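For reference, the chains in residue letters:
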Amino acid sequence: KAGVTQTPRYLIKTRGQQVTLSCSPISGHRSVSWYQQTPGQGLQFLFEYFSETQRNKGNFPGRFSGRQFSNSRSEMNVSTLELGDSALYLCASSLAPSGINQDEQYFGPGTRLTVT
Amino acid sequence: SQQGEEDPQALSIQEGENATMNCSYKTSINNLQWYRQNSGRGLVHLILIRSNEREKHSGRLRVTLDTSKKSSSLLITASRAADTASYFCAAAAYSGAGSYQLTFGKGTKLSVIP
C-alpha cells in the first residue's frame with residue numbers, strides 16, 4: 001500500500017499570499033488530520049476530517065481552513081500568510097477518527113512552508 | 001495547550017545502553033501513543049497503550065502507563081545508532097461530540113553515539 005503523500009514538499013510564499021496544501025491518505029483511510037510543527041510550539045493540531053466532515057478543530061485562527069473530498073483526499077488552505085506560519089505541515093490518516101478504537105495515525109512526509 | 005510533556009528534552013547515550021523517556025499529560029485519556037520522527041520528516045507510530053493497560057512491549061520498546069500520576073514512560077533497550085530521532089508522546093483525549101483528539105508533547109531528542 002502506498003503511504004500518505006503530501007504535495008508540494010517545499011513551498012516558499014510571501015506575506016499576505018495564500019497557500020493550499022494537499023494530502024492523499026492511505027487507500028481505505030477515511031480520517032485525515034492536519035498538524036503544524038514549529039521549533040517553538042511543537043506539534044499542534046489543526047483539524048481533522050472524517051467522511052468529508054470536520055470532526056475536530058484546534059486553536060488556530062480562521063485563516064486556516066480545510067476540506068475533504070469524497071475520495072478522502074484533503075486540502076488545507078492558509079490565507080493572508082504571516083511570517084509565523086512558516087512551519088512543517090503534517091498530514092496523518094487513519095481508518096477511524098483519531099483516538100477512538102485505538103487507531104494509530106500514519107503520517108506523511110510533510111510540506112515545509114517558508115513565508116518571507 | 002500541550003497535553004503531553006516529555007522529559008528530558010534531550011538525551012545522549014552510547015550505543016547498547018538503554019534510553020528512558022517520560023511523558024506527563026493533564027486530562028483523562030483514552031489511550032497514549034508514542035511516535036518517532038527522524039530529522040524533520042513525518043512521524044512513525046511506535047506503540048499504543050490503552051488507559052486500562054499498565055505495560056506494553058514491542059520488540060526493544062517497553063511502555064508503561066500510570067493513569068493515577070497521568071504519566072507514561074518509553075524504554076528503548078540496547079539502543080542503536082539508528083534509534084537517533086525525536087520521540088513524541090501523544091495523548092488521545094475526548095474532545096466532545098463523540099470525538100477524540102490527539103495532543104502531542106514537544107518531544108525528546110535522542111542521540112545514540114556509536
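For the structure, see preceding data.
Residues numbered from 1 in each chain as written. Chains lettered and ligands numbered in written order. Predicted model: local features only at pLDDT ≥ 70, side-chain atom pairs only at ≥ 80, totals over all residues. Heavy atoms only, no water.

Enquirer: Where do I start with the layout of surface pockets in this structure?
Expert: Using a probe with the size of a water molecule, rolled over the atoms, empty space left in the structure can be pinpointed. Of the voids in this model, the largest pocket is the one considered here, and its volume is about 480 Å³. As for the largest pocket, its lining consists of 22 residues, and the residues nearest its centre are Q37(A), P39(A), Q37(B), S86(B) and F88(B). Elements with a contribution of two residues or more to the lining of the largest pocket: β4 (31–38) of chain A together with β9 (85–96) and β11 (108–113) of chain B. For the lining of the largest pocket, the element with the highest residue contribution is β11(B), accounting for four residues. Per-class residue counts for the lining of the largest pocket are five nonpolar, 14 polar and three charged. (1 Å grid on protein atoms, 1.4 Å probe; cavity = no way out; pocket = protein on both sides within 12 Å on 5 of 7 lines; lining within 4 Å. Points joined across faces, edges and corners; volume = space filled by probe spheres on them. Helix = DSSP H or I, 4+ residues; strand = E, 2+ residues; numbered from the N terminus. Nonpolar A, V, L, I, M, F, W, Y, C, P; charged D, E, K, R; others polar.)

Enquirer: Whenever I open this one, the sheet that holds strand β7 (residues 61–66) of chain B confuses me. Can you help?
Expert: Picture the strands of a sheet paired through backbone hydrogen bonds; they go either parallel or antiparallel. Residues and elements named next belong to chain B. Taken in spatial order, the five strands line up as β1-β3-β8-β7-β6 in an open sheet, and their pairing is antiparallel. Strands with a single pairing partner mark the edges of an open sheet, and in this sheet they are β1 (5–7) and β6 (55–58). Across the sheet, the axes of successive neighbouring strands diverge by a mean angle of 20°, strand direction being ignored. Bridge count between strand β3 (residues 19–24) and strand β8 (residues 71–76): six bridges; the pairing is antiparallel. Bridge pairing in β8 places N22 opposite S73. (Pairing = 2+ DSSP bridges. Axes fitted to C-alpha atoms, helices over the stretch in contact; angles between N-to-C directions.)

Enquirer: What is the right way to look at the packing of aromatic side chains in this model?
Expert: Any aromatic ring pair is given by two values, namely how distant the centres are and how the planes are angled relative to each other. On inspection of all chains with the given rule, the structure shows eight aromatic pairs over all chains. For the pair F107(A) and Y35(B), a centre-to-centre distance of 5.5 Å together with 80° between the ring planes defines the contact as edge-to-face. In this pair, F107(A) sits in strand β10 (residues 106–107) while Y35(B) sits in strand β4 (residues 31–37), so the two residues belong to two different chains. Considering the side-chain rings of Y35(B) and F104(B), the 5.4 Å spacing of their centres and the 55° angle between planes classify their relative orientation as tilted. Placement of Y35(B) in strand β4 and of F104(B) in strand β10 (residues 99–104) is noted, with a sequence separation of 69 residues between them. (Phe/Tyr/Trp six-rings, centres within 6.5 Å; stacked < 30°, edge-to-face > 60°.)

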